[in-house]
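Structure assessment
The lines below spell out each chain.
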Amino acid sequence: MAKRRVVLASASPRRREILTSIGVEFEILPADIDESRIEAPSPKQLTRRLSLAKAEAIEADRQTLVIGADTVVVYRGRVYGKPHTKENAVKMLKTLCGRWHTVYTGVTVLCEGRVVNYAVRSRVKLKALSDGEITEYVENTNPVDKAGSYGIQDGGVVEKYRGSYTNIVGLPKEKLARVLAGFGVYDGNG
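Residues numbered from 1 in each chain as written. Predicted model: local features only at pLDDT ≥ 70, side-chain atom pairs only at ≥ 80, totals over all residues. Heavy atoms only, no water.

Looking at the pattern of salt bridges
Evaluation of the coordinates by the stated rule reveals 10 salt bridges. For Arg 14, the salt bridge is made with Asp 145, and the minimal N-O distance between the two is 3.3 Å. With Arg 14 in helix α1 (residues 13-22) and Asp 145 in the loop between α4 (131-141) and β7 (158-162), this residue pair connects regions lying 131 residues apart in the sequence. Between Lys 54 and Asp 70 there is a salt bridge, with its nearest N and O atoms 2.8 Å apart. (Salt bridge = Lys/Arg side-chain N within 4 Å of Asp/Glu carboxyl O. Helix = DSSP H or I, 4+ residues; strand = E, 2+ residues; numbered from the N terminus.)

Written out as structure tokens, the structure reads:
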């Protein structure tokens, strides 16, 4: 398999771990975009548009494969992104605890003038945590950079889920592996 430069347009350590687990060598060049300027008619479309904007923000030649991704949590039609503060994280978790909600991760892969843009959906139910448990979780994990204010990989907050685990973490490994194989950068051995 020919070597191709692969760039992950994200600083997320969780996305880095997932892409590493596939066995693809890559560079990290975080995209710098103003996410607040991007709108869409649905959360699914929003994640697709954000992932596309992130991938397109990376300057690369046509032979370079760029991966952009964005994750949001949706409950009762409201989008919950990153809380940015511990106070907002506590508020989000109080809303989501004990309830089913949806996680969308949009992914864009750009290479050779081709664009593959999709979103994957998973469902999550958080445990019904007390105010004290929520505060302790926020203090111990500092989830200010995680959509919905939690990480399934942190343990202790998710009761159950349906769909792709890695999608909930932030990069749907199963579908991404198939897309990368189509570009010749993954051989199925990761």
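Let's talk about the side chain of His 101
With respect to the helices, strands and loops of the structure, His 101 is situated in strand β5 (residues 100-111). What makes His 101 buried here is its relative accessible area of 1%. A distance of 2.7 Å separates a polar atom in the side chain of His 101 from a polar atom in the side chain of Tyr 150. The contact partners of His 101, leaving out residues within four places of it in the chain, are Val 73, Val 74, Tyr 75, Leu 96, Ser 122, Arg 123, Val 124, Leu 126 and Tyr 150. (Buried < 20%, exposed > 50% of the residue type's maximum accessible area, 1.4 Å probe, protein only. Polar contact = N/O pair within 3.5 Å; in protein donor to acceptor, adjacent residues only side chain to side chain. Contact = heavy atoms within 4.5 Å.)

Here's the deal with the layout of surface pockets
By volume, the largest pocket is sized at about 720 Å³. Lining the largest pocket are 37 residues; nearest its centre among them are Glu 35, Lys 54, Asp 70, Thr 71 and Lys 82. For the lining of the largest pocket, the secondary-structure elements that each account for two or more residues are α1, α2 (43-56), β3 (65-75) and α5 (165-169). No other element matches β3, which puts 5 residues into the lining of the largest pocket. (1 Å grid on protein atoms, 1.4 Å probe; cavity = no way out; pocket = protein on both sides within 12 Å on 5 of 7 lines; lining within 4 Å. Points joined across faces, edges and corners; volume = space filled by probe spheres on them.)

Thoughts on helix α6 (residues 173-182)
Buried within α6 are the following residues: Leu 176, Ala 177, Val 179 and Leu 180. The arc enclosing the buried residues of α6, seen along the axis, measures out at 165 degrees, which places them on a common side. Opposite the packed face of α6, turned more than 90 degrees from it, sit the exposed residues Arg 178 and Gly 182. Two residues or fewer past α6, Gly 184 is found with a positive phi of approximately 75 degrees. (Arc of directions from axis to C-beta.)

A word on the environment of Val 124
Within the fold, Val 124 resides in strand β6 (residues 114-126). Contacts of Val 124, omitting those with residues within four sequence positions, involve Arg 99, Trp 100, His 101, Val 103, Tyr 150, Val 158, Lys 160, Tyr 161 and Ile 168.

Brief notes about the pairing of β3
Counted residue by residue, β3 has 11 buried out of 11 residues, so it is predominantly covered. Bridge count between strand β1 (residues 6-8) and β3: 3 bridges; the pairing is parallel. Looking at the pairing, Val 6 lines up with Leu 65 of β3. Relative to β5, β3 is paired through 9 bridges, and the arrangement is antiparallel. Looking across to β5, one finds that Val 73 is bridged to Val 103. Examined bridge by bridge, β3 and strand β4 (residues 78-80) share 3 bridges and lie antiparallel to one another. Bridging across to β4, Val 73 finds its partner in Tyr 80. (Pairing = 2+ DSSP bridges.)

Topic: the side chain of Arg 15
Take Arg 15: it is sitting in helix α1. In this structure Arg 15 touches Leu 8, Ser 10, Ala 69, Asp 70, Thr 71, Gly 170 and Leu 171, once residues within four positions along its chain are discounted.

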